[in-house]
Amino acid sequence: MKTERQISSGGVIFRRAGRKIEVALIAVKGGTVWCLPKGLVEKGENLARTAHREVKEETGLDGKILGKIDSIHYFYAHKEEDETVRYFKIVYFFLMEFAGGDVADHDQEVDDCRWFPIGGAVRKLAYEDEKRVLKKAREMIGRVKSGRNGPAE
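Each chain carries its own residue numbering, running from 1 in the written order of its sequence. pLDDT decides what is reported in this predicted model: residues at 70 or higher carry local features, side-chain atom pairs at 80 or more are listed and counted, and totals for whole chains, interfaces and linings draw on all residues regardless. Side-chain metrics in this entry use all non-hydrogen atoms of the structure; hydrogen atoms and water are not considered.

**Digging into the pairing of strand β6 (residues 83-101)**
Step number 1: Here a strand pair is declared whenever DSSP counts at least two bridges between the two strands. Runs of H or I in DSSP of at least four residues are treated as helices and runs of E of at least two as strands, each being numbered from the N terminus. As judged from the 13 bridges shared by strand β1 (residues 2-17) and β6, these two strands associate in the parallel manner. If you follow S9 over to β6, its bridge partner there is Y92.
Step number 2: Between strand β5 (residues 61-80) and β6, which pair antiparallel in sequence order, lie 2 residues; one of them, E81, sits at a positive phi of approximately 50 degrees.

**Some points on the environment of I26**
Step number 1: Considering the arrangement of structural elements, one finds I26 in strand β2 (residues 20-28).
Step number 2: Along the sequence, I26 and F98 sit 72 residues apart, while their C-alpha atoms lie 15 Å from each other.
Step number 3: Those residues in contact with I26 that sit more than four places away from it in its chain are V33, W34, C35, L36, P37, E58, T59, V110, D112 and C113. Any two residues having at least one pair of non-hydrogen atoms within 4.5 Å are treated as being in contact.

**Regarding the nonpolar core**
Step number 1: For the purposes of this section, nonpolar cores are sets of buried Ala, Val, Leu, Ile, Met, Phe, Trp, Tyr and Cys residues that join through side-chain atoms within 4.5 Å. Note on classification: 1.4 Å probe, protein chains only; a residue is buried when its accessible area is under 20% of the maximum for its type, exposed when over 50%, partly exposed between these limits. Counting residues in each nonpolar core, the largest one holds 23 residues, and the members touching the most others are V12, V23, L25, I69, L95 and L134.
Step number 2: Every element with two or more residues in this core is listed here: β1, β2, β5, β6, α2 (118-124) and α3 (128-146).
Step number 3: If you tally residues by element for this core, the top one is α3, at 5 residues.
Step number 4: Here V23 is in contact with V12, I13, F14, R114, W115, F116, I118, A121 and L134, once residues within four sequence places are set aside.

**Regarding helix α1 (residues 47-59)**
Step number 1: Each residue after the first adds 1.5 Å to the expected span of a helix. The terminal C-alpha atoms of α1 lie 18 Å apart, and with 13 residues this matches the ideal 18 Å at 1.5 Å per residue to within 8%.
Step number 2: Every buried residue of α1 is accounted for by T50, A51, H52, R53, E54, V55, E58 and T59.
Step number 3: The elements touched by buried residues of α1 are β1, β2, β4 (38-40), β5, β6 and β7 (112-117).
Step number 4: Capping of α1 at its N-terminal end is provided by N46; its side-chain oxygen lies 3.1 Å from the backbone amide nitrogen of A48. Side-chain atoms alone can form a polar contact between residues adjacent in sequence; in general such a contact is a pair of N or O atoms within 3.5 Å, and within protein one must be able to donate a hydrogen while the other accepts it.

**Concerning the pattern of salt bridges**
Step number 1: A side-chain nitrogen of Lys or Arg and a carboxyl oxygen of Asp or Glu constitute a salt bridge if their distance falls within 4 Å. With the rule as written, the count across this model stands at 13 salt bridges.
Step number 2: With a shortest N-O distance of 3.2 Å, E4 and K2 are connected by a salt bridge.
Step number 3: You can call K2 partly exposed: its relative accessible area is 39%.
Step number 4: Each of E42, E45, R53, E54 and E57 takes part in a single network of salt bridges with overlapping partners.

**Structural notes on the side chain of E22**
Step number 1: Residue placement: E22 occurs in strand β2.
Step number 2: In this structure the side chain of E22 is engaged in a polar contact, spanning 2.6 Å, whose partner is the side chain of R15.
Step number 3: Apart from residues no more than four positions distant in its own chain, E22 is found in contact with I13, F14, R15, A17, W115, F116, P117 and I118.

**Some points on the state of the cysteines**
Step number 1: Disulfides are defined as cysteine sulfur pairs within 2.5 Å. All told, the structure shown has 0 disulfides when counted by the stated rule.
Step number 2: The thiol sulfur of C35 is not disulfide-bonded, and the nearest other cysteine sulfur, from C113, lies at 10 Å.
Step number 3: Classification of C113 by relative accessible area gives buried; the value is 3%.

Structure representation (C-alpha cells):
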C-alpha cells in the first residue's frame, strides 16, 4: 500500500460572551461528528493563512490569529479508484479571536456550525487529539484574557 503525507491547518476560534468563553465547532458526517475546522494547505499558502481560510470557509467566521496551539498527527486510509492509499496527516492548529461573521454562513462541506461554551465544546468533540488541542487553547485564552496562567471559564 502506498503512503502519502498531507499537511493541514485549522483553528480554534473563540469569542467572549460576558464572563464566559465560547468556541465554534463544526459538524460533519451527517451532523454526527463534531470537530475543529481544518483543511489542506494549498500551494503558496503558509500554515497560518491556511488556518484562517479554512476557519472562515467552514464556520463563516473571521478571526485574528493569536498564536499556534499545537499539532496532531494520524494515519488514515482512503480508497482511490482501484487502490487504497494510506495517508500520514499532520494538522497544525492556531488560536483565533472572533472578529466577525455568522455561523450560518458556513460552506456546504460542513453539516452544521455552532458556538459552544468552551467546557461543553471539549466534551462535544469526537476526537481525543482535538480535545487535547482545545484544552491547550483554553489555557492560552485564560492567559490572553487576564494575563494569568489559569484556564478560561
